[in-house]
Amino acid sequence: MGVVIKQSFWGTFIAYLGVIVGYVNTLYLRAEYFDLAQIGVFTLVTANAMIVSPISSFGMGSSFIKYFPSFKEERRDEFFTFLFLITLVGNLLVLLVLFLFKDSITARYLETAPMYADYIAITGVIIVSNSFFELFFSYSRTILKVVFPSLLRDIYLRIGSLFVVLGYALSWWGFSTAVVGLGLVYLLAFIFLLLQLITTHNFRFKFNFEFIDREWKAKLFKFGTYSMMLAGSFALINNITYDQVTTILGSDMNGIYTTCFFIALIVEMPRRNMAKVISPIISTEFDRKNMTEVDKLYKRSSITMSVIGFLLFIGIVTNLQDLFNFIPKGSAFQAGFWVVVGVCFAKLILMASSFAGEIINYSHLYKYNLIFQVVAAVILVGLNYFMISSWGLNGAAISYVIAITIHVILKLSFVKHHFGIHPFDRSHLPLFIIGVAVTVGAYFFQPAFHPVINIAIRSILTVFVFIVLIYQFRISADINKIIHSTFERFLKINLPK
């Protein structure tokens, strides 16, 4: 357990450090030195690759994690090599499709983003690199060595992207070279991980597959298909709007959308890290058939994440105008104001929904997660087609909020119907009232200083007022416990309980 905790700590630290690097790259370097169309194309090259990558890997990474305990240690590299070859075939098929249908793909972007046609091959490089990287990341997870691959994914890729943009800013190379460099950054991430596993953990490709019989192949096909569709629909929800905004509105508008979407992502960050801790607990309690404890975790997680999510929501939305006044091309990015608000709101809904998806995933009804996710993806694609054409970027924001809300409602309703539990209690209503009141108050509080000073003043006051109200009304026992321990440890003050 100590190894798990240590790896989780460093994984969380690396993830947050990666967010900081990402913010510097997205909100300053790209905004300062790329034009809007270049920002849109630069992001689209990666976004389209992320949609296809789960398909090209056939879900083999998840299959290895699920089935590797079934093999003795000396057989695991052979089993992994078999999955590697399947992934290789999948990627070759995807590259063949890209080659055969290049003209059709190019025609799709000809009117709104002709620049992207020059970089379809780079999308192919990133598809292959990312699918293999995720496969070998799965291998690292099984041996509890996730720090280095996490460092590559959350820090190296962002620093690499930052470097190619910086090179363009310093006139070391042109935009085309920067995009090619981005593909090289992803390719090197896979190569670095492979070399680390070979040199440090003695990984070897072994081509003896006699022990993998027809029954095992059927299992791999069945679970791999499920994993591929689950990961593919998730990637579709997170990336398809970039493509649709580009094809309907143009790459310059996608430059605005991608930047504004990124600003809002931080609202959900705490949930991703809490899931690493909560998920194994939920799994354990399901094995024990202890639904009372699952219900407690469900409710406590919801109120705690709602408090954190509301605070982040308030901080981003109320400071947004000053942020636009500060960052390069802020006047252009103001067109995405409601994108930031909408995505922040959707992420807040996800935070409040607690771990409904994880509860379904660790039950015998886990396949319904796939159904709900596919439904959400289809709704998002369909709504985008009409809403973006009618209302532009605001339409994209509305589509995203509706799709995520429906996705959450489906999961909450399913958990309530099958397990008789829900994540809400009497604390959610006063939290909602406090959150709305503080949001309105902070939004209309407009100091007349430099934007950075305005953000600092408003943020400090907002955090103070919000936390005091949360504490006084005892919204979250966990948050109050953290406040008590903080005052006692660092200020030597014992607050009344």
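Residues numbered from 1 in each chain as written. Predicted model: local features only at pLDDT ≥ 70, side-chain atom pairs only at ≥ 80, totals over all residues. Heavy atoms only, no water.

Engineer: Account for the environment of Leu-110, naming residues and giving values.
Structural biologist: Position of Leu-110 among the secondary structure elements: in the loop between α5 (102-109) and α6 (120-142). Of the residues examined, Leu-110 reaches a relative accessible area of 51% and is grouped as exposed. (Helix = DSSP H or I, 4+ residues; strand = E, 2+ residues; numbered from the N terminus. Buried < 20%, exposed > 50% of the residue type's maximum accessible area, 1.4 Å probe, protein only.)

Engineer: Hey, could you go over a nonpolar patch on the surface for me, with residue numbers and the actual values?
Structural biologist: A contiguous nonpolar patch, built from Val-89, Leu-93, Leu-96, Val-97, Phe-99, Leu-100 and Phe-101 and spanning about 710 Å² of accessible area, is present on the exposed surface. Tracing the backbone shows Leu-96 in helix α4 (residues 73-100). (Patch = residues over 30% accessible without salt bridge, like charges linked within 9 Å, V, L, I, M, F, W, Y side chains within 5 Å. Areas by Shrake-Rupley, 256 points an atom, 1.4 Å probe, with all protein chains shown as cover. Salt bridge = Lys/Arg side-chain N within 4 Å of Asp/Glu carboxyl O.)

Engineer: So what's going on with empty space enclosed by the protein? Residues and values would help.
Structural biologist: In the structure shown here, the tally under the stated rule is one cavity of 30 Å³ or more. In this structure, the largest cavity encloses a volume near 30 Å³. Contributing elements (two or more residues each) for the lining of the largest cavity: α9 (214-249) and α10 (251-264). The greatest single-element share of the lining of the largest cavity, amounting to five residues, is contributed by α9. When its residues are assigned to classes, the lining of the largest cavity shows five nonpolar, three polar and no charged. (1 Å grid on protein atoms, 1.4 Å probe; cavity = no way out; pocket = protein on both sides within 12 Å on 5 of 7 lines; lining within 4 Å. Points joined across faces, edges and corners; volume = space filled by probe spheres on them. Nonpolar A, V, L, I, M, F, W, Y, C, P; charged D, E, K, R; others polar.)

Engineer: Describe the layout of surface pockets, listing the residues and the values that go with them.
Structural biologist: Looking at the second largest pocket, its volume works out to about 580 Å³. Secondary-structure elements contributing two or more residues to the lining of the second largest pocket are α11 (269-287), α12 (291-318), α19 (451-472) and α20 (477-491). The residue makeup of the lining of the second largest pocket, split by class, is 19 nonpolar, three polar and two charged.

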